[in-house]
Protein chains: 2
Amino acid sequence: MTLAADIASRARFRPPAVPQVEVRGFWGGRIDAVCARTADTLYQRCEEAGMLQQIDPDAPAPGVKIPFHGGLVTAQMFWDSDFGKVIETAAYCLQRTPNPELERKVDHVIDLYGKLQQPDGYLSSWYQRIQPGLRWTNLRDCHELYCAGHLIEGAVAYCQATGKRQLLDIMCRFMDHVAEVLGTGPDQKPGYCGHEEIELALVKLARVTGQQKYMDLARYFIDERGRQPHFYDAEAREQGRDPQDYIFKTYEYNQSHLPVREQDKVVGHAVRAMYLYSGMADIAMEYGDDGLRLALERLWRDLTSKRLYVTGGLGPSADNEGFTADYDLPNESAYAETCAAVGLVFWAGRMLGLGPDARYADMMELALYNGAISGLSLDGATFFYENPLESRGGHHRWTWHRCPCCPPNIARLTASIGSYMYGQSEDGIAVHLYGDSTATLDVAGGRVRLVQETRYPWDGAIALTIEPEAPASFTLHLRIPGWCRKATLSVNGEPQDLAAITRNGYAAITRRWAAGDTVRLDLELAVERIHAHPEIRHDAGRAAIRRGPLVYCLEGVDNGVPLNSLVLPADARLTPRDEPALLGGVVTLEGQARARPASDWGDDLYRTVPPAEHPVRIKAVPYYAWDNRDPGEMLVWVRTA
Amino acid sequence: MTLAADIASRARFRPPAVPQVEVRGFWGGRIDAVCARTADTLYQRCEEAGMLQQIDPDAPAPGVKIPFHGGLVTAQMFWDSDFGKVIETAAYCLQRTPNPELERKVDHVIDLYGKLQQPDGYLSSWYQRIQPGLRWTNLRDCHELYCAGHLIEGAVAYCQATGKRQLLDIMCRFMDHVAEVLGTGPDQKPGYCGHEEIELALVKLARVTGQQKYMDLARYFIDERGRQPHFYDAEAREQGRDPQDYIFKTYEYNQSHLPVREQDKVVGHAVRAMYLYSGMADIAMEYGDDGLRLALERLWRDLTSKRLYVTGGLGPSADNEGFTADYDLPNESAYAETCAAVGLVFWAGRMLGLGPDARYADMMELALYNGAISGLSLDGATFFYENPLESRGGHHRWTWHRCPCCPPNIARLTASIGSYMYGQSEDGIAVHLYGDSTATLDVAGGRVRLVQETRYPWDGAIALTIEPEAPASFTLHLRIPGWCRKATLSVNGEPQDLAAITRNGYAAITRRWAAGDTVRLDLELAVERIHAHPEIRHDAGRAAIRRGPLVYCLEGVDNGVPLNSLVLPADARLTPRDEPALLGGVVTLEGQARARPASDWGDDLYRTVPPAEHPVRIKAVPYYAWDNRDPGEMLVWVRTA
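Residues numbered from 1 in each chain as written. Chains lettered and ligands numbered in written order. Predicted model: local features only at pLDDT ≥ 70, side-chain atom pairs only at ≥ 80, totals over all residues. Heavy atoms only, no water.

Peer 1: Mind showing me how you'd approach the relation of the copies chain A and chain B here?
Peer 2: The relation between the two chain copies is a rotation about an axis coupled with a shift along that axis. With an RMSD of 0.1 Å, the operation that places chain A on chain B is a rotation of 179° combined with a shift of 0.0 Å along the axis. On this basis, the relationship between the two copies can be described by a two-fold rotation axis. Within chain A, the C-alpha atom positioned nearest to the axis of rotation is that of A:Ala641, 3.6 Å from it. Here 100% of the interface residues in chain A have copies in chain B that are interface residues too; the copies meet face to matching face. (Least-squares fit on C-alpha atoms with pLDDT ≥ 70 in both. Contact = heavy atoms within 4.5 Å.)

Peer 1: Help me understand the sheet that holds strand β8 (residues 446–454) of chain A in this model?
Peer 2: By definition, the strands of a sheet pair up through backbone hydrogen bonds, in either a parallel or an antiparallel sense. Residue and element names in this part refer to chain A. A sheet is described by the order of its strands in space; here seven strands give the open sequence β1-β7-β8-β9-β15-β11-β12, paired in antiparallel fashion. This sheet does not close on itself; its edge strands, each paired only once, are β1 (21–23) and β12 (494–495). The sheet contact formed by strand β7 (residues 437–443) and β8 spans seven bridges and is antiparallel. Counterpart to Thr 440 in the pairing with β8 is Arg 449. (Pairing = 2+ DSSP bridges. Helix = DSSP H or I, 4+ residues; strand = E, 2+ residues; numbered from the N terminus.)

Peer 1: Can you help me understand the environment of A:Leu378 in this one?
Peer 2: Residues and elements named next belong to chain A. Within the element layout of this structure, Leu 378 appears in the loop between α15 (358–372) and β4 (390–391). Look at Leu 378 and you get partly exposed, because its relative accessible area is 22%. For the pair formed by Leu 378 and Arg 30, sequence separation is 348 residues and the distance between their alpha carbons is 7.3 Å. If sequence neighbours within four positions are ignored, Leu 378 has contacts with Arg 30, Ala 33, Leu 583, Gly 584, Tyr 624 and Asn 628. (Buried < 20%, exposed > 50% of the residue type's maximum accessible area, 1.4 Å probe, protein only.)

Peer 1: Teacher, can you tell me more about the environment of B:Glu197 here?
Peer 2: Residue and element names in this part refer to chain B. Among the secondary structure elements, Glu 197 is positioned in the loop between α8 (166–181) and α9 (198–209). Counting along the chain gives 309 residues from Glu 197 to Tyr 506, while the straight-line C-alpha distance between them is 30 Å. Discounting chain neighbours no more than four positions away, the residues touching Glu 197 are Tyr 146, Gly 149, His 150, Glu 153 and Tyr 275. A polar contact of 3.3 Å, which involves the side chain of Glu 197, links it to the backbone nitrogen of His 150. (Polar contact = N/O pair within 3.5 Å; in protein donor to acceptor, adjacent residues only side chain to side chain.)

Peer 1: What should I look at first to understand helix α5 (residues 100–116) of chain B in this one?
Peer 2: Along an α-helix, residues three or four positions apart point the same way, because every turn accommodates 3.6 residues. Residue and element names in this part refer to chain B. The terminal C-alpha atoms of α5, which comprises 17 residues, lie 24 Å apart, in line with the 24 Å expected from a rise of 1.5 Å per residue. If you check which residues of α5 are buried, you get Leu 102, Val 106, Val 109, Ile 110, Leu 112, Tyr 113 and Leu 116. Down the axis of α5, the buried side of the element spans an arc of 155°, and every buried residue falls inside it. Elements in contact with the buried residues of α5: α2 (25–48), α3 (51–55), α4 (79–96), α6 (125–130), α7 (144–162) and α8. (Expected span 1.5 Å × (residues − 1). Arc of directions from axis to C-beta.)

Peer 1: Where do I start with the UniProt feature "domain: Non-reducing end beta-L-arabinofuranosidase-like GH127 middle" (unreviewed entry) in chain A in this structure?
Peer 2: Residues annotated in UniProt with the feature "domain: Non-reducing end beta-L-arabinofuranosidase-like GH127 middle" (unreviewed entry) correspond here to residues 429–524 of chain A. Each end of residues 429–524 of chain A is marked by a C-alpha atom, and these two atoms are 23 Å apart; helix forms 4% of the span and strand 61%. (UniProt positions renumbered as here; feature names shortened; annotations may be inferred.)

Peer 1: Help me understand unusual backbone geometry in this model?
Peer 2: If a residue is not glycine, its phi is most likely negative; likewise, a peptide bond is most likely trans. Residue and element names in this part refer to chain A. Here the amide bond leading from Tyr 456 into Pro 457 is cis, since omega sits at 10°, within 30 degrees of zero. By the secondary structure assignment, Pro 457 is in the loop between β8 and β9 (461–468). Phi angles above zero are rare outside glycine, and Gln 255 is one such case at about 55°. Position of Gln 255 relative to the elements: it lies in the loop between α11 (231–238) and α12 (270–287). The exposure class assigned to Gln 255 is buried, which follows from its relative accessible area of 0%.

Peer 1: Would you mind going over the packing of α4(B) against α7(B) with me for this structure?
Peer 2: All names here are of chain B. For the pair α4 and α7, interaxial distance at closest approach is 7 Å and the crossing angle is 15°. In terms of orientation, α4 lies roughly parallel with respect to α7. Every pair of crossing elements has a handedness; the one defined by α4 and α7 is left-handed. Residue-level inspection shows Asp 80, Ser 81, Gly 84, Lys 85, Ile 87, Glu 88, Ala 91, Tyr 92, Leu 94 and Gln 95 of α4 in contact with α7, the latter providing Tyr 146, Cys 147, His 150, Leu 151, Glu 153, Gly 154, Ala 157, Tyr 158, Ala 161 and Thr 162. (Axes fitted to C-alpha atoms, helices over the stretch in contact; angles between N-to-C directions. Parallel < 35°, antiparallel > 145°, perpendicular 65-115°, else oblique. Left-handed = near helix turned anticlockwise from the far one by under 90°.)

Peer 1: Can you walk me through the confidence of the model for chain A in this structure?
Peer 2: Parts of the prediction with low pLDDT should not have their coordinates interpreted in detail. Per-residue confidence for chain A averages 94 on the pLDDT scale, and 96% of its residues sit at or above 70. As scored by the predictor, the complex reaches a pTM of 0.88 and an ipTM of 0.91. (pLDDT = per-residue confidence, 0-100.)

Peer 1: Would you explain the sheet that holds strand β13 (residues 502–503) of chain A in this entry?
Peer 2: All names here are of chain A. Judged by pairing direction, the sheet is mixed, and its five strands sit side by side in the order β5-β6-β10-β14-β13 without closing on themselves. Of all the strands in the sheet, just β5 (422–425) and β13 have a single pairing partner and so form its edges. Both β5 and strand β6 (residues 428–431) contribute to a ladder of four bridges, which runs antiparallel. Residue pairing in the sheet places Tyr 422 in a bridge with Val 431 of β6.

Peer 1: I keep staring at the interface of chain A and chain B and nothing clicks. Help me out?
Peer 2: Often, the extent of an interface is quoted as the loss of accessible area upon association of its parts. Counting from both sides, the interface comprises 51 residues of chain A and, opposite them, 51 residues of chain B. Regarding the contact of chain A and chain B, the summed buried area is about 3600 Å², with carbon and sulfur atoms giving 56% of it. At the boundary of chain A and chain B, one finds eight salt bridges. At the boundary of chain A with chain B, the tally comes to 18 residue pairs in polar contact (both at pLDDT 80 or more). Listing elements by their share of the side of chain A that touches chain B, those giving two or more residues are α13 (290–306), β16 (527–532) and β22 (606–607) of chain A. Considered class by class, the residues forming the side of chain A that touches chain B number 21 nonpolar, ten polar and 20 charged. In this structure, β22(A) lies alongside strand β16 (residues 527–532) of chain B, joined through two bridges in antiparallel fashion. Following the sheet pairing, A:Arg607 is matched in β16(B) by B:His531. (Buried area = accessible area lost by both parts, 1.4 Å probe. Salt bridge = Lys/Arg side-chain N within 4 Å of Asp/Glu carboxyl O. Nonpolar A, V, L, I, M, F, W, Y, C, P; charged D, E, K, R; others polar.)

The structure is reproduced here in structure tokens:
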């Protein structure tokens, strides 16, 4: 079977809306922190930064420099996007926990956007308040549609959570205006945004409004990107700018160097890339577009076989906030922006729209549990922008960031995690992620309540109870993670032959389901060492430690010697230990290693006698939980012997 | 014996002038490249950059942006210093090899400086041509005296080489003016330069002119530095600047955070630090100043026990072009500016002025043969600014640099190496560095010709012939390098008991020397592995390879696998091999290692099965000679098992 035929044969799976899934357990705790702390913090920081003033047409137009936290901040052209994500985060939280004060504030922000919107539908606080008269003159650099995209996502979520349509209507009017201005028609500009985001947002807008025109607009942005004659060349010349005067003199930075169907390397700004591929995946599914799908397969292979950190982090360089060369994955200087790992979750989740495939779900899980959620402190109050895999003790979460894209991004992802856990199609339910939760899903023309009970990721035992409104035939697709060496499955107590029913990494149980049917899945969570491709020179002679979906790290606070002086012998066992009182409750890994401590070395900086080795106990904690205690060293890739 | 008493008991050793030493062998080849290529190149680049226009009072004053190599360069306030170093390099070369064309050009530059000099003696092309009216208003940042220092060094060298005094007279007039303007008197500014250099230059000027006033001015600059109330605070306030507005908000950057005698950490900009300590060492010797000497001992210990690369490179960070934290010595991102290693040679050489001590000579040799000379290509045409200890293939020598301090610095050091090889005192000769050469030295009231025949550093056999004008009693101090495990010495064929006559790492042979006396020293050049202090996390589990004074590295061109996939087993022997046709003639080291090549790994980026190991032949070349062939990877610290 060719790949294309394989694609065509699969059902389309759509994610449930956030309100369809009640999340408990590990992710429930993380969402509670977002609801209790992050959601309010995000709004507060935006307010402190002067963003309310920027969007309020009755307030004096702010200068470009705005007082903030005792200094001055530069007003940012992408602030509307931050409000969009703040609204989106608030929406998911309001749906879980009433917060009238926050809801009032969000309503106020939406009112201001309503007042700000131009009669023709245009909406951009930057171009209306800071740089008036310049709208649609610099699509390449100025985030005009990117901001709109985030406001759309906020509008969709807020409508789903509260039933309030005001922002949704605002954004529909704006998009109707966009569809007039941009396009391939005679009086239109064939433009698209330099920072992708609008594409996936329009897909959400189309789905929630049922309006195909928004889906078609998303498809236009995908199709037009990178075509010759190049829009950004023409735009630059029209504005008297030199088209060559762009980051590293290539449009790779914003993935418009080639038509998207011809791309096969993940390049440029990592977040932009992930958002583009997410939109492409949506469009591939919605239109059954195999050209897009094949390009995505190539890009996926490139990312996962050459350009991804073991934590699911991506984009090693601060210079372009993005990709560099194959196998260039330095650990201490890793940029690995939180938003990029969040974007990978988006992309992988959307690849699952084309049918269950554990390649995508495994990667979604990896990024989620490691490189993404590391961006948020356990108490929900502080944020990583960069997520290095090694620190000598100076890297800590911020209370805010000059470019505050990451805090609301990881917050909205966390708070909406339920919609990534499951997929629903006409005749199937897919469980992509395990976690204590209850989902109410649309399948086989009815509603099915699915109760998942588990201590995952700390324990691999998963009990599912299936409760259709009425007995119904459909397939339950259960992911068997790629990292799992041993899994057992039973349905109503009857053992199943997993090998026989597993395809693309999902066990498919097709039957007529009745209320009270139970499924039991046991995944062995082994402690394993991960070795890196020999071309990743930064990881040579080192191993990462993984248990189930979690990548572990060493922290200075748990280990009394310089972390790079440690060597983990090939035969050293690491033993899991439940520590409910540590870091919000984690399983740690402990074992015996060897260290070359500085204590018995002396004053020489260099010498011909190698340092003496001593046995030492080591303790590893999940990577996502690092930097939540005393500051100190951190190391993912441990030296091995 | 206390340290101070020990100091007082030692004779003062002065370096010979460059014309006193005829250099052959290894360094002779390097000097020939400077004479044949570098000296002319340096002048040419300065001319192309518009520097002649800047110093010519009859030319139109240049703008701050000047056309250069197809683009625009910013005129630099330190360009006079580059001319100073160009003149100094030319001087040493003219002394070795006549070059009438170059001499004519230098004479022209000196004529222009003569015309440019103000009637009161002031001289600065920046403050006279680019920022007129602002002289002596920003000693902290604007390199006014730093430039003067380099012009002085050029003047001294040019006078010694050609007998022409014009520039020397110009600089004496300028320094007479400086001594009026700056000082602690009632109508003087208690200022000193933000970039040290003038101190050591004034010592040279004092020695060549015999004028104590220049020595005293140097001492004033040393003494005043860092005193309270702080001169730079006052200067900034006077100019309406905030004194806090300085690099990292500390005067550590230019070593004026404390009076120099109270300093005990090497901090800030590495080149500035080295130049300051060099000047301090000169003044400590000239005035028998034990307070300075003790400070220098502390600083030396700090540098060599915590902050020095194994190549003798120093200053790991580009942010401050200097020092960071103890044991912070990253390899790939090492700044390790060529000028800083050159500065360490200056400092170490001047510490030897207080008497032979192999601690200093060993370090001088280390920096010279590795971190300094690496800055110049074998053909003398291209230059490193940074000298990393690891490269993935993208680091190459430049034809020039926007801040062109390093090219003429390594050139002038190389061309004047003879004066670092020997020391002369009233009753002794010290041989600090071995190398084929003939020196004519002043000792015991007469002249002694000393012929050194050796293939050093490739071979450790050294034959010395001593030829005094008339038989004379004095001590010949021969350095026994700290890296040497086995040395034998004979005088006129008679074996000597080295242990009995060696003190501070120098064998002292006191006798009445007559023409034709011969000394034979054999130093074993073993191949050794160097291990780094366990706190240097970048070198954990790795070893550097050294043979004699040379640190070796692996280059991609000699080794067919990714260099970090190589492991050098503990028992692997590396065998020296003479390769006269390679890299201008070097000894390479070859042996058996293990590699984990990517070839049999497959497509996975990460996996749980460790990579397979294969035996592989490796070949190491001297670090200084890297990047003179096909571009590729380079690695000093090789993984060990």
